[in-house]
Amino acid sequence: QVATLGAATTSYASNGLLASTTYYYRVRAYNSAGNSSYSNTASARTNAAALVPAKPTSVAAVNRTDGSARVTWADASNNESNFEVRRLTWNAVTSSWGSRKTVKVAANMIQLIDYSGPGTFRYSVRAVNSAGASSYVGPVSVQVTRK
């Protein structure tokens, strides 16, 4: 028995169930005179659990000498909805990593061209879906120049 419900109740919601599992249900009425016979058995299967995507691998960044950087990575998951590429900018005045910007890149893409102009940057990449995000991979640093 999983629940006892009040009179005239016609539905029940099961919570806290395991993913990819079939559950079987039957009901019966009761009153002060006793219990009725059980109904026919109904079944329902829960959906598969959404898994957080695997983190990408092999993150690299190269200077393209035109004021842009090419950031690449290997896609290690098959269930991402997008990637997030995070960039930190080196602040020479304070000698610290300053401003942060995150750019979304479509699923199954494995590169981003960052046209931010000359500077020193650090890039990290993670995979994202509705279940959450992988950990970031990186950072990798690059000095971007313009000829």
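This section reports on the structure supplied with the text. This is a predicted model, so every value here is computed, not measured.

### Re the overall build of the chain
Okay, step 1: Counting secondary structure elements, the chain contains zero helices and 12 strands.
Okay, step 2: Along the chain, helices and strands appear, N-terminal first, in the series β-β-β-β-β-β-β-β-β-β-β-β.
Okay, step 3: Taken over C-alpha atoms, the radius of gyration comes to 27 Å for the chain, far larger than the 15 Å a tight globule of 147 residues would show.
Okay, step 4: With the principal axes as the frame, the chain shows a C-alpha extent of 90 × 30 × 20 Å.
Okay, step 5: A total of 147 residues make up the chain; the buried ones form 24% of that total.
Okay, step 6: Put simply, the chain has 15 plus and 5 minus side-chain charges, and the middle of one group is 8 Å from the middle of the other.

### Thoughts on the packing of aromatic side chains
Okay, step 1: The tally for this structure, following the rule as stated, stands at three aromatic pairs.
Okay, step 2: Ring geometry for Trp 73 versus Phe 83: centroids 5.5 Å apart, planes at 55°, classification tilted. Of this pair, Trp 73 sits in strand S6 (residues 69-74) while Phe 83 sits in strand S7 (residues 82-91), placing them 10 residues apart in sequence.
Okay, step 3: On the basis of relative accessibility, which here comes to 3%, the residue Trp 73 falls in the buried class.
Okay, step 4: Residue class for Phe 83 comes out buried when judged on its relative accessible area of 1%.
Okay, step 5: Seen from their ring centres, Phe 121 and Tyr 123 are 6.3 Å apart, and the 45° between their planes marks the pair as tilted.
Okay, step 6: On the accessibility criterion, Phe 121 (4% relative accessible area) is buried.
Okay, step 7: Note that Arg 26 overlies the ring of Tyr 38, its terminal NZ or CZ placed 3.6 Å from the centroid.
Okay, step 8: Above the ring of Tyr 136, the side-chain terminus of Arg 86 is found at 4.0 Å from the ring centroid.

### Things to note about the environment of Ser 58
Okay, step 1: Tracing the backbone through its elements, the reader meets Ser 58 in strand S5 (residues 57-63).
Okay, step 2: Separated by 58 residues in the primary sequence, Ser 58 and Ser 116 place their C-alpha atoms 22 Å from one another.

### Quick word on a nonpolar patch on the surface
Okay, step 1: There is a patch of nonpolar side chains on the surface, built from Val 2, Leu 5 and Tyr 12 and spanning about 290 Å² of accessible area.
Okay, step 2: As for its placement among the helices and strands, Tyr 12 is situated in the segment before strand S1 (22-25).

### Section: the environment of Gly 98
Okay, step 1: Structurally, Gly 98 is set in strand S8 (residues 96-106).
Okay, step 2: Judged by its relative accessible area of 33%, Gly 98 falls in the partly exposed class.
Okay, step 3: Put simply, Gly 98 and Ala 76 are 22 residues apart on the chain and 29 Å apart in space, counted from C-alpha to C-alpha.
Okay, step 4: Those residues in contact with Gly 98, other than ones at most four positions away along the chain, are Leu 88, Thr 89 and Asn 91.

### Things to note about the pattern of salt bridges
Okay, step 1: Counted according to the given criterion, the structure contains three salt bridges.
Okay, step 2: Residues Arg 64 and Asp 66 are paired through a salt bridge, measuring 3.5 Å at the closest nitrogen-oxygen approach.
Okay, step 3: The class of Arg 64 is partly exposed, set by a relative accessible area of 27%.
Okay, step 4: A relative accessible area of 36% places Asp 66 in the partly exposed class.
Okay, step 5: Where Glu 84 meets Arg 126, a salt bridge forms, and the shortest distance between an N and an O atom there is 2.8 Å. Taken as a pair, Glu 84 in strand S7 and Arg 126 in strand S10 (residues 119-129) lie far apart in primary sequence, 42 residues in all.

Conventions adopted
- Residues numbered from 1 in each chain as written.
- Predicted model: local features only at pLDDT ≥ 70, side-chain atom pairs only at ≥ 80, totals over all residues.
- Heavy atoms only, no water.
- Helix = DSSP H or I, 4+ residues; strand = E, 2+ residues; numbered from the N terminus.
- Rg over C-alpha atoms; globule rule 2.2 N^0.38 Å.
- Buried < 20%, exposed > 50% of the residue type's maximum accessible area, 1.4 Å probe, protein only.
- Lys, Arg positive; Asp, Glu negative; His and termini not counted.
- Charge placed at Lys NZ, Arg CZ, Asp CG, Glu CD.
- Phe/Tyr/Trp six-rings, centres within 6.5 Å; stacked < 30°, edge-to-face > 60°.
- Lys NZ or Arg CZ within 6 Å of the ring centre and 35° of its normal.
- Patch = residues over 30% accessible without salt bridge, like charges linked within 9 Å, V, L, I, M, F, W, Y side chains within 5 Å.
- Areas by Shrake-Rupley, 256 points an atom, 1.4 Å probe, with all protein chains shown as cover.
- Salt bridge = Lys/Arg side-chain N within 4 Å of Asp/Glu carboxyl O.
- Contact = heavy atoms within 4.5 Å.

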